[in-house]
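# Results of the structural survey
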There are 2 protein chains.
Amino acid sequence: MASETSKSVGFEQHDHDVCLETAIKAAEAYCDRFKLQFTPLRRKVLEILLEEHRALGAYAILDLLRESGLGSQPPVAYRALSFLVEHGFAHKIERLNAFVACALPDTLHSPAFMICRKCDIVVEAQSPSSSFDLSATAIATGFDIEQTILEAEGICHSCVEKVPA
Amino acid sequence: MASETSKSVGFEQHDHDVCLETAIKAAEAYCDRFKLQFTPLRRKVLEILLEEHRALGAYAILDLLRESGLGSQPPVAYRALSFLVEHGFAHKIERLNAFVACALPDTLHSPAFMICRKCDIVVEAQSPSSSFDLSATAIATGFDIEQTILEAEGICHSCVEKVPA
DNA sequence: ATATTAATGATATATTATAACATTACAAGT
DNA sequence: ACTTGTAATGTTATAATATATCATTAATAT
Ligand SMILES: [Zn+2]
Ligand SMILES: [Zn+2]
Ligand SMILES: [Zn+2]
Ligand SMILES: [Zn+2]
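Every value quoted in this text rests on a predicted model; they were computed, and no experiment measured them. (Residues numbered from 1 in each chain as written. Chains lettered and ligands numbered in written order. Predicted model: local features only at pLDDT ≥ 70, side-chain atom pairs only at ≥ 80, totals over all residues. Heavy atoms only, no water.)

### Remarks on the packing of helix α2 (residues 40–52) of chain A against helix α4 (residues 74–86) of chain A
Residues and elements named next belong to chain A. For the pair α2 and α4, the least separation of the axes is 9 Å and the interaxial angle reads 80 degrees. If you check the angle between α2 and α4, you find them roughly perpendicular. Every residue of α4 that contacts α2 at Leu-41, Arg-42, Val-45, Leu-46 and Leu-49 is listed here: Val-76, Ala-80, Leu-81, Phe-83 and Leu-84. Among the residues making up the contact of α2 with α4, the classes are represented as nine nonpolar, no polar and one charged. (Axes fitted to C-alpha atoms, helices over the stretch in contact; angles between N-to-C directions. Helix = DSSP H or I, 4+ residues; strand = E, 2+ residues; numbered from the N terminus. Parallel < 35°, antiparallel > 145°, perpendicular 65-115°, else oblique. Contact = heavy atoms within 4.5 Å. Nonpolar A, V, L, I, M, F, W, Y, C, P; charged D, E, K, R; others polar.)

Spelled out as structure tokens, the structure:
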């Protein structure tokens, strides 16, 4: 296959082959370390997300899986995606009902994204902190934020009281 | 009908009748001011959201609409919800595919929510600013945040260049 | 009154996601 | 190697969420 050495990601160019390989190797190492099964299916889905470098819906991913002969029914894609999200290799963009490879794998972070309403490109902010201020990233990348929504999931005090775990 | 004078909202008690009436009157005034049609259907959907004071899915809302004789098909609910969201009377909680009445109507704000993963109660943070720090609100209300996601929608610089508007 | 626009009604269908159960691969202990 | 339990995948069916389209009615403006 042809080897493209650079590709536009976020708003910048980068060596995409290296980027993809690095991410896959990192996932491999992580799974190794934590005794997780980085199966061909899971690897392929992560590769798809890394290759595209933008948010893809489950059914778009499923189409690509079908082409490569790995699975063809919705649960196959959703299960692989669950695994990737659960272990921090990917995120779900709720607003788009779509999934994107994590730009900061192996790093503890609260994901924050900038999503273009025209082209649906998704850029993950590089701020590992939990206090959110996208303005710097937005300015740096030339992204014009129009509206923002923060959704925090957790447990309310009345639910904590009700049950042990 | 029976008049309940207080109801648990967020994590506190409040006079719910007053709360509901105030919000409806505010919406009425706003629509009046901006020549928007606050139709019986739209009013009813807002009332439903205010009454429940938690996130409701479109189909749950539709069931309640049906009971009151106002519309029974999905587009009816979705159109009313679009109107309410568009004009800031309600928000969509993407994570839940559900809708909630805005707690700060008529106030310019970037919505931020705390969502309990057990009971799905949704509390809108009272911070009108766009820099997000939920920790204060979380501590004050006894909510234990487990994970947070920020999604900013806007337009990337390459899309801005492509078109006039 | 009439034209224009906005809202609603109604039917059909698209899109996203999961439940349930069968089968296969893997890991661990014997 | 054999058994046993567990995890992953295959497969079918269906649930839940959302929109496209066109017909009808209501509101607004000229
Ligand atoms: Zn990430
Ligand atoms: Zn764009
Ligand atoms: Zn609000
Ligand atoms: Zn709760």
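### Notes on the coordination of the zinc ion (ligand 2)
Every protein donor of the zinc ion (ligand 2) is accounted for by Cys-116 of chain A (SG), Cys-119 of chain A (SG), Cys-156 of chain B (SG) and Cys-159 of chain B (SG), and the metal-donor separations fall at 2.3 Å. Here the zinc ion (ligand 2) is ringed by four donor atoms whose angles at the metal span 104 to 115 degrees, and the overall shape comes out tetrahedral. With Cys-119 of chain A in the loop between β5 (112–116) and β6 (122–124) and Cys-159 of chain B in helix α6 (residues 157–162), the pair connects residues from two separate chains. Its relative accessible area of 2% is what places Cys-159 of chain B among the buried residues. (Donors = N, O, S within 2.8 Å, 3.2 Å for Na, K, Ca; no water. Tetrahedral: all angles 85-135°; square planar, octahedral: opposite > 155°, others 65-115°. Buried < 20%, exposed > 50% of the residue type's maximum accessible area, 1.4 Å probe, protein only.)

### Some details on the pairing of strand β7 (residues 144–155) of chain A
Both β7 of chain A and strand β7 (residues 144–155) of chain B contribute to a ladder of 11 bridges, which runs antiparallel. Along β7 of chain B, the bridge assignment pairs Ile-155 of chain A with Asp-144 of chain B. Direction of pairing for β7 of chain A relative to strand β5 (residues 112–116) of chain B: parallel, over a ladder of five bridges. Considered in β5 of chain B, the bridge of Leu-150 of chain A is made with Ala-112 of chain B. (Pairing = 2+ DSSP bridges.)

### Looking at the coordination of the zinc ion (ligand 3)
The textbook angles at a metal center are 109.5 degrees for a tetrahedron of four donors and 90 or 180 degrees for an octahedron of six. Residue and element names in this part refer to chain B. Bound to the zinc ion (ligand 3) on the protein side are His-91 (NE2), Cys-102 (SG), His-109 (NE2) and Glu-124 (OE), at distances that span 2.0 to 2.3 Å. Its four donor atoms give the zinc ion (ligand 3) angles of 94 to 138 degrees at the centre, a pattern that matches the irregular case. Read in sequence order, the donor residues coordinating the zinc ion (ligand 3) give the pattern H-x10-C-x6-H-x14-E. Of this pair, His-109 sits in the loop between β4 (98–101) and β5 while Glu-124 sits in strand β6 (residues 122–124), and the two are 15 residues apart along the sequence. When sorted by exposure, His-109 lands in the same class as Glu-124, which is buried.

### What about the protein's contact with DNA strand C?
By nearness alone, 15 residues border DNA strand C, and Tyr-59, Tyr-78 and Lys-92 of chain A together with Thr-39 and Arg-79 of chain B come closest of all. One of the side-chain N or O atoms of Tyr-78 of chain A is found 3.0 Å from a phosphate oxygen in DNA strand C. Contributions of two or more residues to the surface near DNA strand C are made by α4 of chain A together with α2 (40–52) and α4 (74–86) of chain B. When residues of the surface near DNA strand C are assigned to their parent elements, the largest contribution, four residues, is made by α4 of chain A. Of the residues contributing to the surface near DNA strand C, the split by class is seven nonpolar, four polar and four charged. (Near = heavy atom within 4 Å. Polar contact = N/O pair within 3.5 Å; in protein donor to acceptor, adjacent residues only side chain to side chain.)

### A word on the domain arrangement of chain A
All names here are of chain A. The domains assigned to chain A are domain 1 (6–101) and domain 2 (111–162). Together domain 1 and domain 2 conceal approximately 1,000 Å² of surface at their shared face, both sides included; 73% is due to carbon and sulfur atoms. At the boundary of domain 1 with domain 2, the tally comes to zero salt bridges. Counting the contacts that link domain 1 with domain 2 gives one residue pair in polar contact (both at pLDDT 80 or more). Of all elements in the fold, only β3 (90–93) and β4 (98–101) reach the threshold of two or more residues within the side of domain 1 that touches domain 2. When grouped by side-chain class, the residues that make up the side of domain 1 that touches domain 2 number six nonpolar, two polar and two charged. (Domains from an automatic or database assignment. Buried area = accessible area lost by both parts, 1.4 Å probe. Salt bridge = Lys/Arg side-chain N within 4 Å of Asp/Glu carboxyl O.)

### Notes on the relation of the copies chain B and chain A
Mapping chain B onto chain A leaves a residual RMSD of 0.0 Å; the transformation is a rotation of 180 degrees accompanied by 0.0 Å of translation along its axis. Seen this way, the second copy is the image of the first under a two-fold rotation axis. When C-alpha distances to the rotation axis are compared across chain B, the minimum falls at Leu-150 of chain B, with a value of 2.2 Å. Taken together, the interface assignments show that 100% of the residues at the interface of chain B recur at the interface of chain A, consistent with an identical surface on both copies. (Least-squares fit on C-alpha atoms with pLDDT ≥ 70 in both.)

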